[in-house]
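A closer look at the structure
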Amino acid sequence: MKETLHVNIGSVAFTLDEDAYRTLKHYLDEIKSRLEEDTDEVMADIESRIAEILREKIASPMRVVTLEMVEATMEQIGSPDCFGHAAGEAATAGEEEEAPRKLRRSIHNRSIAGVCGGIGEFFDCDPTLVRLVCFLLIFCGGMSIYIYLLAWIIIPEADHGTGSFNTNDKQKK
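Residues numbered from 1 in each chain as written. Predicted model: local features only at pLDDT ≥ 70, side-chain atom pairs only at ≥ 80, totals over all residues. Heavy atoms only, no water.

We now examine the packing of aromatic side chains. Tallying each qualifying case throughout the model produces 2 aromatic pairs. Aromatic side chains F122 and F123 sit 5.0 Å apart centroid to centroid with 90° between the ring planes, which places their arrangement in the edge-to-face category. Note on F135 and F139: the rings are 4.6 Å apart at their centroids and 55° apart in plane angle, and the pair reads as tilted. Of the two residues, F135 and F139 both sit in helix 6 (residues 127-139), 4 residues apart, roughly one turn of that helix. Judged by relative accessible area, which is 46%, F135 ranks as partly exposed. Classification of F139 as exposed rests on a relative accessible area of 61%. (Phe/Tyr/Trp six-rings, centres within 6.5 Å; stacked < 30°, edge-to-face > 60°. Helix = DSSP H or I, 4+ residues; strand = E, 2+ residues; numbered from the N terminus. Buried < 20%, exposed > 50% of the residue type's maximum accessible area, 1.4 Å probe, protein only.)

Here is the structure:
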């Protein structure tokens, strides 16, 4: 014999057995801890969706929601990881997901071929400064124009979907 609880999920009354209630409460608490802002509105939407799914699974209002129904509903909505990282995991997960920076010719900061713009983005400095240094090296005999042409050929162009390393572009996103 199991105890049952009367709960309100998304403004709909349900009767849940004790195991189902504990599992669903833990699931919702886990999701809430992963949300960054507007948690009340988002949680209300999630609860409403859970209520819709449970209504579809229950034949009559007198039937009790079981642990199996709650687990199937949770599987349908997705794991809490789909809603973001928990507060303690955010710093470590962000460090792991950060891809290594690659030197690419810029598609945003280009005058001729994007070589100087790409170098500026890679080193997180002003591309105009890199252009000026490159110009001075070419005309003062420190670097040949052939090196610039070779860099144009060797350095691949940045993809349209990849972000740049320029801080101005990061602020726009």
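Next comes the rest of the description.
Our next topic: the pairing of strand 1 (residues 4-9). Note: strand 1 against strand 2 (residues 12-17), 6 bridges, orientation antiparallel. From the neighbouring strand, L5 faces strand 2, where its bridge partner is L16. Hairpin connection from strand 1 to strand 2: 2 residues lie between these consecutive antiparallel strands, with G10 at a positive phi of about 60°. (Pairing = 2+ DSSP bridges.)

Before going further, it helps to spend a moment on the pattern of salt bridges. In the structure shown here, the tally under the stated rule is 4 salt bridges. Among the salt bridges present, the one from R22 reaches D19, with a minimum N-O distance of 3.0 Å. Pair noted here: R22 and D19 are both in helix 1 (residues 18-34), with a separation of 3 residues, about one helical turn. Judged by its relative accessible area of 49%, R22 is partly exposed. Owing to a relative accessible area of 27%, D19 belongs among the partly exposed residues under this scheme. Residues E52 and R49 are paired through a salt bridge, measuring 3.1 Å at the closest nitrogen-oxygen approach. (Salt bridge = Lys/Arg side-chain N within 4 Å of Asp/Glu carboxyl O.)

Quick look at helix 5 (residues 115-122) now. Counting buried positions over the 8 residues of helix 5 gives 6, a clear majority of the element. Considered for burial, the residues of helix 5 that qualify are V115, C116, G117, G118, G120 and E121. Looking one or two places after helix 5, you find D124, whose phi comes out positive at around 55°.

All right, on to the packing of helix 1 against helix 3 (residues 67-77) then. Pairs of packed helices are described in terms of their axes, by the angle between the two and the distance that separates them. Two numbers describe how helix 1 lies on helix 3: the axes approach to 8 Å, and their chain directions differ by 20°. Relative to helix 3, the element helix 1 is oriented roughly parallel. Crossing of helix 1 over helix 3 shows right-handed handedness. Of helix 3, the residues touching helix 1 (which contributes D19, A20, T23, L24 and Y27) are L67, V70, M74 and I77. Considering only residue class, the contact of helix 1 with helix 3 consists of 7 nonpolar, 1 polar and 1 charged. (Axes fitted to C-alpha atoms, helices over the stretch in contact; angles between N-to-C directions. Parallel < 35°, antiparallel > 145°, perpendicular 65-115°, else oblique. Left-handed = near helix turned anticlockwise from the far one by under 90°. Contact = heavy atoms within 4.5 Å. Nonpolar A, V, L, I, M, F, W, Y, C, P; charged D, E, K, R; others polar.)

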